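Here is what each chain is made of, one letter per residue.
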Amino acid sequence: MSDSNTTDFTNPSTFILLGIPGLEAAHIWISIPFCAMYVIAILGNFTILVIVKREPSLHGPMYYFLCMLAISDLVMSTSILPKTLSIFWFNSREIDFSACLTQMYFINLFSVMESGILVAMALDRYVAICHPLRHSTILTNPVVAKMGLAVVLRGGMLILPYPFLARRWPYCRTNIISHSYCEHMAVVKLACADIRISNYYSLSVAFLVIGLDVFFIAMSYTQILMAIFSLPTKDVRLRTFGTCVSHLFVILASYIPALFSFLTHRFGHNVPLYFHILMANAYLLVPPMLNPIIYGVRTKEVRDRLLWLITHKGM
């Protein structure tokens, strides 16, 4: 009599998520920092949205892009954390096949969107510093809206093949996913078919998105640094560069965990599976938690408005 999880099936009705294999005994303890990061991400990003909405002086391109980033962070973290915590707390491991593919789509879609938003924010900093007198005429509200739409369409079109390809594969080995969420390759590797097209496509998307986005960000900051070094005094140079610091920190917080997770997943064959999974979760959880903190601490307008809201409510 065969096991229910290894019987032959083409389209399983459910998958079984194992959480973090090898650290099952520590699931409750791992859930504490995960939950804390999620709560900080939710509160921080909602706070950013509320502050920008309520403060007319923040109704500009930089803060519109910041709101896009906050929405992306909210959706991305919410795509994985509730299910992951239900595994840790209630041992609720089952996930519907369609729900799994939906989770896979949203995680990858908003990861690509976040990278695109960082490029848009770099362009905003470039125009603000290199063409300050034309900033308001170049980055008008319609232009910002079109840039946001382009970011969404790019992500949607690039990631749409992920669930479609995953759905067409036959799954005749097992429906057990050794992961805490429906990570793309963790799902596809369960298929009993030649999955090279999915593997090659996901690699192409990763290199295309990260490669082009990092290139455009680097080009923007090359021009920005050239403009800053041409300024007359050290004080002016530092003050101008200070307007970019928050964005640079966000770039580092977004790309470094993602790059480290990608490299360990592709090339770290001797790295324990639980470390791969922890890094995969970190790159989806750390940026949404850090982004509102970075902008809250480093951006005077956001910090001042937040303090005003707190003191006003306290009166």
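Residues numbered from 1 in each chain as written. Predicted model: local features only at pLDDT ≥ 70, side-chain atom pairs only at ≥ 80, totals over all residues. Heavy atoms only, no water.

## Here's the deal with the overall build of the chain
A count of helical and extended segments in the chain gives 11 helices and three strands. Helices and strands in the chain line up, N terminus first, as β-α-α-β-α-α-α-α-β-α-α-α-α-α. Seen through its C-alpha atoms, the chain measures out along the principal axes to roughly 80 × 50 × 35 Å. Taking all 315 residues of the chain together, 49% fall into the buried category. Within the chain, contacts between residues separated by at least 24 positions form 79% of all contacts whose residues are at least 6 apart in sequence. When the 22 positive and 15 negative side-chain charges of the chain are each reduced to one mean point, those points stand 9 Å apart. (Helix = DSSP H or I, 4+ residues; strand = E, 2+ residues; numbered from the N terminus. Buried < 20%, exposed > 50% of the residue type's maximum accessible area, 1.4 Å probe, protein only. Contact = heavy atoms within 4.5 Å. Lys, Arg positive; Asp, Glu negative; His and termini not counted. Charge placed at Lys NZ, Arg CZ, Asp CG, Glu CD.)

## Let's talk about the pattern of salt bridges
Taken as a whole, this structure holds four salt bridges when the rule is applied. We note a salt bridge from Asp124 to Arg125, for which the minimum N-O separation is 3.0 Å. When sorted by exposure, Asp124 lands in the same class as Arg125, which is buried. Arg239 serves as the salt-bridge partner of Asp235, at 2.7 Å between the closest nitrogen and oxygen. In this pair, Asp235 and Arg239 both sit in helix α9 (residues 234-267), four residues apart, roughly one turn of the helix. (Salt bridge = Lys/Arg side-chain N within 4 Å of Asp/Glu carboxyl O.)

## A look at the packing of aromatic side chains
Scanning the model with the defined rule gives nine aromatic pairs in all. When the centroid spacing of 5.8 Å and the interplanar angle of 80 degrees are considered together, the rings of Phe15 and Tyr171 count as edge-to-face. One end of the pair, Phe15, is in strand β1 (residues 14-17); the other, Tyr171, is in the loop between α6 (161-168) and β3 (176-177), with 156 residues separating them in the sequence. The pair formed by Phe15 and Tyr171 is uniform in burial state, with each residue classed as buried. Through a chain of ring-to-ring contacts, the aromatic side chains of Phe15, Phe97 and Tyr171 assemble into a single cluster. (Phe/Tyr/Trp six-rings, centres within 6.5 Å; stacked < 30°, edge-to-face > 60°.)

## Some words on the nonpolar core
Ranked by size, the top nonpolar core spans 88 residues in total, and within it Phe15, Phe34, Leu118, Tyr171, Ile177, Val187 and Ile217 carry the most contacts. Considering every element that reaches this core, the biggest residue donor is helix α3 (residues 97-130), with 18 residues. Ignoring any residue separated from it by four or fewer positions in sequence, one finds Ile177 in contact with Phe15, Ile16, Leu17, Leu18, Cys100, Cys182, Ala186, Val187 and Leu190. (Core = buried A, V, L, I, M, F, W, Y, C linked by side-chain atoms within 4.5 Å.)

## Comments concerning the state of the cysteines
Applying the stated criterion across every chain yields a total of two disulfides. Across the disulfide from Cys100 sits Cys182; the S-S distance is 1.9 Å. The sign of the S-S torsion, about -125 degrees, decides the handedness of the disulfide formed by Cys100 and Cys182: left-handed. One end of the pair, Cys100, is in helix α3; the other, Cys182, is in the loop between β3 and α7 (184-188), with 82 residues separating them in the sequence. An identical accessibility class is assigned to Cys100 and Cys182; each is buried. Covalent S-S linkage joins Cys172 and Cys192, the inter-sulfur distance amounting to 1.8 Å. Of the two residues, Cys172 sits in the loop between α6 and β3 while Cys192 sits in the loop between α7 and α8 (196-229), which places them 20 residues apart along the sequence. For the chain, the bonded cysteines pair up as 1-3, 2-4 when numbered in the order they occur along the sequence. Residue Cys130 stays outside any disulfide, its sulfur separated by 8.9 Å from that of Cys244, the closest cysteine. (Disulfide = S-S within 2.5 Å.)

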